[in-house]
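As a plain string of letters, each chain reads:
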Amino acid sequence: MQKKDLKIPALLMFGIYILYSCALVPLYQLLSADIVLMNTIWWDVVDFLMNLFEVLGIATVIACLLYALYHYSLKACLPMYLLIGGVLLFKYIASLIAISIVGGSLDLTSDFSSFFISFALEIIELVFVALLGNYWIASLKRENEALEKANAALGKEFTPHNDFFPFQKPLSRTNPLQRTAFWGFVLITVFRLISYVIADVTYGLMGYGFSTEDIPVTLLYWLLLIFIPSIAGYFCSLGWMLLLKHKNP
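This structure is a prediction, so every number in the text was calculated from the model and none was measured.

A.B. asks: Could you give an account of the environment of A33, with specific residues and numbers?
C.D. replies: Assignment of secondary structure puts A33 in the loop between α1 (7-32) and α2 (35-38). Judged by its relative accessible area of 67%, A33 is exposed. Residues A33 and V102, 69 residues apart in the sequence, show an inter-C-alpha distance of 9.5 Å.

A.B. asks: Before we move on, can you summarise the nonpolar core with the specific residues and values?
C.D. replies: Ranked by size, the top nonpolar core spans 54 residues in total, and within it M80, L177 and M241 carry the most contacts. For this core, the secondary structure elements donating two or more residues are α1, α3 (41-71), α4 (78-103), α5 (113-154), α6 (176-205) and α7 (214-247). Of the residues forming this core, the biggest block, 19 residues, is contributed by α3. Residue contacts for M241: discarding those within four places in its chain leaves A63, L66, Y67, F165, F167, L177 and A181.

A.B. asks: Help me get a handle on α3, residues and values and all.
C.D. replies: In this model α3 runs 45 Å from its N-terminal to its C-terminal C-alpha over 31 residues, within 8% of the 45 Å that 1.5 Å per residue would give. A large share of α3 lies buried, amounting to 23 of its 31 residues.

A.B. asks: Break down the pattern of salt bridges for me, with residues and values.
C.D. replies: Under the defined criterion, the tally for this structure stands at four salt bridges. Between D5 and K4 there is a salt bridge; the shortest N-O distance is 3.5 Å. A salt bridge links E54 to K91, with the shortest nitrogen-to-oxygen separation between them at 3.7 Å. A residue pair is termed long-range when its members are at least 10 positions apart, and E54 in helix α3 and K91 in helix α4 qualify at 37 residues. You can call E54 partly exposed: its relative accessible area is 22%. Among the residues examined, K91 registers a relative accessible area of 1% and is labelled buried. A single salt-bridge network, built from bridges that share partners, covers E54, K91, E122 and R192.

A.B. asks: Hey, could you go over the state of the cysteines for me, with residue numbers and the actual values?
C.D. replies: The term disulfide refers to a covalent linkage connecting the sulfur atoms of a pair of cysteines. Under the definition given, this model contains zero disulfides. C236 provides the cysteine sulfur closest to C64, a residue in no disulfide bond, and the two sulfurs are 9.6 Å apart. Overall, C64 belongs to the buried group, its relative accessible area being 2%.

A.B. asks: With reference to specific residues and values, describe α4.
C.D. replies: Between its terminal C-alpha atoms α4 stretches 37 Å, which fits the 38 Å expected from 26 residues at 1.5 Å a residue. Turning to α4, its buried residues number three or more, namely M80, L83, I84, V87, L88, K91, Y92, A94, S95, A98 and S100. Tucked into the core, α4 has its buried residues touching α1, α3 and α5. Remark: G104 follows α4 within two positions and exhibits a positive phi of approximately 100°.

A.B. asks: Break down a nonpolar patch on the surface for me, citing the residues and quoting the values.
C.D. replies: A cluster of nonpolar residues, L220, L223, L224, F227, I228, I231 and F235, forms a patch on the protein surface that exposes about 590 Å² of accessible area. Classification of L220 by relative accessible area gives partly exposed; the value is 47%.

A.B. asks: Any details on the packing of aromatic side chains? Residues and values, ideally.
C.D. replies: Throughout the structure, instances matching the rule amount to 14 aromatic pairs. Ring centres 6.0 Å apart and planes at 80° place the aromatic pair Y92 and F119 in the edge-to-face group. On the criterion of sequence distance, the pair formed by Y92 in helix α4 and F119 in helix α5 is long-range, its members being 27 residues apart. Relative accessible area serves as the criterion here: at 25%, F119 is assigned to the partly exposed category. Summarising the aromatic geometry, the rings of Y234 and F235 are spaced 5.1 Å apart at their centres and angled 75° between planes, so their arrangement reads as edge-to-face. Here the aromatic cluster, defined as three or more aromatic residues joined through ring pairs, consists of Y67, Y70, F164, F165 and F167. The positively charged end of R179 is found above the aromatic ring belonging to W136, 3.7 Å away from the centroid.

A.B. asks: Tell me what's going on with unusual backbone geometry, and back it up with residues and numbers.
C.D. replies: Residue F165 is joined to P166 through a cis peptide bond whose omega torsion reads -5°. Here P166 is to be found in the loop between α5 and α6.

A.B. asks: I'd like to hear about the packing of α3 against α4, residue by residue, with values.
C.D. replies: Close contact between α3 and α4 brings their axes to 10 Å; oriented N to C, the two are set at 170°. The orientation of α3 with respect to α4, classified from their angle, is roughly antiparallel. Contacts between α3 and α4 involve E54, V61, C64, L65, A68 and L69 from the former and M80, Y81, I84 and K91 from the latter. Grouping the constituent residues of the contact of α3 with α4 by class yields eight nonpolar, no polar and two charged.

Cut-offs used in this document
- Numbering of residues starts from 1 in each chain and follows the order in which that chain's sequence is written.
- Only residues with pLDDT of at least 70 get local features here, since the model is predicted, and only at 80 or more are side-chain atom pairs given and counted; chain-wide, interface and lining totals rely on the full set of residues.
- Hydrogens and waters are ignored; side-chain quantities use all the structure's heavy atoms.
- Segments assigned H or I by DSSP are reported as helices when at least four residues long, segments assigned E as strands when at least two residues long, and all are numbered from the N terminus.
- Classification of residues uses two cut-offs on accessible area relative to the type maximum, computed with a 1.4 Å probe and protein chains only: under 20% is buried, over 50% is exposed, and between them is partly exposed.
- Residues belong to a common nonpolar core when they are buried Ala, Val, Leu, Ile, Met, Phe, Trp, Tyr or Cys residues joined through side-chain atoms within 4.5 Å.
- Note on contacts: a residue pair qualifies if any of its non-hydrogen atoms lie within 4.5 Å across the two residues.
- Residue count minus one, scaled by 1.5 Å, sets the expected span of a helix.
- Salt bridge, as used here, is a side-chain nitrogen of Lys or Arg placed within 4 Å of a carboxyl oxygen of Asp or Glu.
- We call a pair of cysteine sulfur atoms a disulfide when they lie within 2.5 Å.
- Surface patches are drawn from residues lacking salt bridges whose relative accessible area is over 30%; two like charges belong together within 9 Å, two nonpolar side chains (Val, Leu, Ile, Met, Phe, Trp, Tyr) within 5 Å.
- Note on areas: Shrake-Rupley with a 1.4 Å probe; residue coverage comes only from the protein chains shown.
- Pairs were defined over the aromatic rings of Phe, Tyr and Trp, the Trp ring being its six-membered one, requiring ring centres within 6.5 Å. Orientation was assigned from the angle between planes: stacked under 30 degrees, edge-to-face over 60, tilted for the rest.
- Charges are assigned to positions over rings by a cutoff of 6 Å between ring centre and Lys NZ or Arg CZ, combined with an angular limit of 35 degrees from the ring normal.
- Axis lines are fitted through C-alpha atoms, for helices just across the contact stretch, and the angle between N-to-C directions can take any value from 0 to 180 degrees.
- Every angle not falling under 35 degrees, over 145, or within 65 to 115 is termed oblique; those three ranges are roughly parallel, roughly antiparallel and roughly perpendicular.
- Amino acid classes used here: Ala, Val, Leu, Ile, Met, Phe, Trp, Tyr, Cys and Pro are nonpolar; Asp, Glu, Lys and Arg are charged; the rest, including Gly, are polar.

The analysis is restricted to geometry; functional conclusions fall outside its scope.
So this is what it looks like as structure tokens:
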């Protein structure tokens, strides 16, 4: 994999995470520190945008990772893995610095366990995507190569039954890139849903009761902060892959 192949992915990934870490994170902290503003619609809007951009960030990473695997082998994508690792570290370090600036000081004695857990979960998600994507991509390439050889032996023109681009429909059971992105976001949605369930259970154990009247609000909350961002993230990943294909056929 060549350095020029990393230019556009770096711009996309860093661009998303600069907006997230250097704009939305400090804005969220400012609103959360003000009791008046925290009870306004602006806090909810920023909270929604935080969740949306967090998922769009991982969608951008997934798109760049899958496109690299489409062009190269699993081992040859090492430069992309290093770039992704650097991007994710930037996300958390920049967020920490932004929070510190808003708070007035950098407190290294704080509990950073949530950062480490989030980072570990994102690595698990990306390893899952890389392994699954590599398997399905390699399988389709082998299938097309076998068909091409068979048609060449018969003197026929080869036309792949299944191909990577263009995407024929929003969801596909045969396109490896779309299948992998879809199942990657299923895993991401499950992780995020589990995280919110744990938070709700913890909230209840702290003495804040949960009644049947809270169910509609909770479901709406999950829709806005989990499912809508995940759906948007999936389509965002497809869009970035089409852009990468256009810029680097």
